[in-house]
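Chains, contacts and geometry: an overview
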Amino acid sequence: MMRNKILGYFLFLIGVINAESFLGYKVYQVTPQTQENAEFLQKLKYKPNYDFWVESRAFGSPSDIMVDPVEQETFEKELSQTGMPYKVVVDDVERLLQIDRVDRLMTRSRSIMGPGQVTFTSFMKYDEQMAYLRRIGRDYPQIATVTTAGHSYEGREILMVKISSGASQTVVPKPTIFIDAGIHSREWIAQPVALYLIQQLVENNTNAGMYQNVDWVIIPNLNPDGYEFTYNNNRMWRKNRRLEGNNLCYGTDLNRNFNYQWMFNGASNNSCTEIYAGPEPFSEPETRIIRDWFLNNTNANVKLYMAVHSFGEMVLFPWGYAPILPQDVATLRHVGSLMARAIEQASTMGSNYTVENSATLLGAAAGAADDWVKAVANVNLTYTLELPNGDAPFWFMIPARQILPVVRETFEGFRALHQYIQEQFWTSQQQS
Ligand SMILES: *[C@@H]1O[C@H](CO)[C@@H](O)[C@H](O)[C@H]1NC(C)=O
Ligand SMILES: *[C@@H]1O[C@H](CO)[C@@H](O)[C@H](O)[C@H]1NC(C)=O
Ligand SMILES: *[C@@H]1O[C@H](CO)[C@@H](O)[C@H](O)[C@H]1NC(C)=O
Ligand SMILES: *[C@@H]1O[C@H](CO)[C@@H](O)[C@H](O)[C@H]1NC(C)=O
Ligand SMILES: *[C@@H]1O[C@H](CO)[C@@H](O)[C@H](O)[C@H]1NC(C)=O
Ligand SMILES: [Zn+2]
């Protein structure tokens, strides 16, 4: 134990040396009261050095914004001029990251994990996640088909799992649910939620009914380059890791890079912002994987698409590019609520979900995956899921002890989705 502690401390110091420092970065909680205030905040999203951790949902509902020390004086001056109430909720982001590193070291040293194993009591590395997927592909070949969907910019394999009890007996394939997670690398609770879904479907016999009549396609880590970077260098990294041409900054916000109303609103052409949309639609290998899968599998009968993000306890539906409601908004809202209510009922941490149109609730964001899958891949039910961030405000740095409660309750939400899709779209002739 003592040896572990000393080793842990040593690794902790190495982590500090390698990591990009957020010394002196502050998080401001700013509450817009008027339309003018809201517009002021909206403009900040287009500036480098401002990183929105929480987006205001309405007047009187706060935004949490991380601000670089170089901007803080200007920002505080501007806030005073607008008369908007604000407070500093994190005085030094680096201290928050230290807590996160210690939590990671302690929980990793406690979880015993052999090769190919999965754990939900500490955060797994990319290699460990992929080793788990390969193992279930080997151990359960009748149900789980693990394939390489493509490669990230830095050449990492992006694995995809299809879970199915066998092909449909009719020309129409079984209804399919498509899930991806981790497109924003720092949203660390998203990848475990997808891995737990896979584990519970494949390795827990009690849930075998969930893949009898409905197929699942799951990509648990769509942005591995970003994820490795959050693990080793910069815990706050959101984008991928490609440097475009003569750009000043690395990375594209993959969830602004899809080709539907690209750059219409809520996306930036400045590579140094967190919402950089890329030089053109589908400029990034990671987003092209989603595009190519849907183009390659036009007959796959996908009935529901969900992108898993954190955080905010929201089931969001299109359109995201502008506050426009699709014509099937009633169904979108209904199915989203089935998921939300199932999660709340199972929750041991008081989760309370909002089901809403994303642009209405949070402001427009064009080029997101759910808009493209709905508009271009013709899947009617498409969602962005924003998970909880635990029972204390750790923002993206949810402590490892809260992985299990979140993945468990979210699984009950997936169960509710499965039930709806089976009832609506499966016919007994498709029996395999
Ligand atoms: C298996 O699934 C059942 C039903 O969802 C659940 O009650 C049980 O805890 C699960 N077992 C494991 C080991 O995850
Ligand atoms: C980027 O967007 C800004 C603001 O919309 C615009 O003024 C500028 O011309 C654009 N720059 C490029 C290189 O497209
Ligand atoms: C799509 O099909 C092409 C051509 O067969 C293949 O190279 C590519 O890997 C496929 N991509 C996906 C994501 O299915
Ligand atoms: C969620 O919050 C709303 C509004 O504050 C409240 O009316 C509702 O009862 C809450 N639901 C749960 C399950 O806590
Ligand atoms: C989408 O919904 C419309 C209207 O209900 C329906 O006609 C269409 O077949 C649906 N498309 C898919 C792919 O399920
Ligand atoms: Zn996200």
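Preceding this section is the structure that the text describes.
The following paragraphs examine the structure supplied in this document. Just so it is clear, the structure is predicted and the values come from calculations on it, not from any experiment.

With respect to the helices, strands and loops of the structure, K174 is situated in the loop between β6 (157–163) and β7 (176–181). Separated by 2.9 Å, the side chains of K174 and S165 make a polar contact. Within the structure, the side chain of K174 is placed 3.0 Å from the backbone oxygen of G166, a separation counted as a polar contact. Dropping the residues within four chain positions of it, K174 is found in contact with S165, G166, A167, S168, Q212, N213, V214, D215, A300, N301, Q430 and S432.

Take unusual backbone geometry next. Residue S310 is joined to F311 through a cis peptide bond whose omega torsion reads 10 degrees. Phi angles above zero are rare outside glycine, and N49 is one such case at about 75 degrees. By the element assignment, N49 lies in the loop between α2 (35–44) and β2 (50–54).

What follows concerns the packing of aromatic side chains. Scanning the entire structure with this criterion turns up 28 aromatic pairs. With a centroid separation of 5.3 Å and 80 degrees between ring planes, the pair formed by F229 and W237 is classed as edge-to-face. Residue classification places W237 among the buried positions, given a relative accessible area of 14%. Linked through ring pairs, F178, F258, F282, W293, F294, Y305 and W372 together constitute an aromatic cluster. For K45, the ring lying beneath its charged end belongs to F52, and the centroid distance is 5.6 Å.

What follows deals with the state of the cysteines. This structure, assessed with the given rule, holds one disulfide. The side chain of C249 participates in a disulfide bridge whose partner is C272; the two sulfur atoms lie 2.0 Å from each other. With the S-S dihedral at roughly 85 degrees, the linkage between C249 and C272 falls on the right-handed side. Placement of the pair is C249 in the loop between α7 (224–232) and α8 (285–296) and C272 in the loop between α7 and α8, with a sequence separation of 23 residues. Classification of C272 by relative accessible area gives partly exposed; the value is 23%.

This part takes up the site of ligand 3. In the vicinity of ligand 3, the residues found are A149, I289, D292, W293 and N296. Computed on the free molecule, ligand 3 has an accessible area of 370 Å², of which 41% lies beneath the protein chains in the complex. For the shell around ligand 3, the element with the most residues is α8, which contributes four residues. Its residues assigned to classes, the shell around ligand 3 comprises three nonpolar, one polar and one charged.

Here D127 lies in helix α5 (residues 126–139). According to the relative accessible area criterion, D127 is exposed, its value standing at 54%. With 209 residues separating them along the chain, D127 and G336 place their C-alpha atoms 33 Å apart.

Geometrically, a metal with four donors at the corners of a regular tetrahedron has ideal angles of 109.5 degrees, and one with six donors at the corners of a regular octahedron has ideal angles of 90 or 180 degrees. The protein atoms that coordinate the zinc ion (ligand 6) are H184 (ND1), E187 (OE), E187 (OE) and H309 (ND1), at distances of 2.1 to 2.4 Å. Between the donor residues of the zinc ion (ligand 6), the gaps in sequence give the motif H-x2-E-x121-H. With relative accessibility at 3%, the residue H184 sits in the buried group.

Another point: the pattern of salt bridges. Per the counting criterion, the structure on display carries 21 salt bridges. Of the charged contacts in the structure, one is a salt bridge between R242 and E244, with a shortest N-O distance of 3.0 Å. Taking the relative accessible area as the measure of exposure, R242 reaches 13% and is therefore buried. Here R242 and E284 are joined by a salt bridge, their closest N and O atoms 2.9 Å apart. Taken as a pair, R242 in the loop between α7 and α8 and E284 in the loop between α7 and α8 lie far apart in primary sequence, 42 residues in all. The same class applies to R242 as to E284, namely buried. Each member of the salt-bridge network shares a partner with another, and the members are D100, R104 and R235.

Looking at where E280 falls in the secondary structure, it is placed in the loop between α7 and α8. Taking the C-alpha atoms as reference points, E280 and R104, 176 residues apart in sequence, are found 37 Å from one another.

Rules and cut-offs
- Residues numbered from 1 in each chain as written.
- Chains lettered and ligands numbered in written order.
- Predicted model: local features only at pLDDT ≥ 70, side-chain atom pairs only at ≥ 80, totals over all residues.
- Heavy atoms only, no water.
- Helix = DSSP H or I, 4+ residues; strand = E, 2+ residues; numbered from the N terminus.
- Polar contact = N/O pair within 3.5 Å; in protein donor to acceptor, adjacent residues only side chain to side chain.
- Contact = heavy atoms within 4.5 Å.
- Phe/Tyr/Trp six-rings, centres within 6.5 Å; stacked < 30°, edge-to-face > 60°.
- Buried < 20%, exposed > 50% of the residue type's maximum accessible area, 1.4 Å probe, protein only.
- Lys NZ or Arg CZ within 6 Å of the ring centre and 35° of its normal.
- Disulfide = S-S within 2.5 Å.
- Near = heavy atom within 4 Å.
- Areas by Shrake-Rupley, 256 points an atom, 1.4 Å probe, with all protein chains shown as cover.
- Nonpolar A, V, L, I, M, F, W, Y, C, P; charged D, E, K, R; others polar.
- Donors = N, O, S within 2.8 Å, 3.2 Å for Na, K, Ca; no water.
- Salt bridge = Lys/Arg side-chain N within 4 Å of Asp/Glu carboxyl O.

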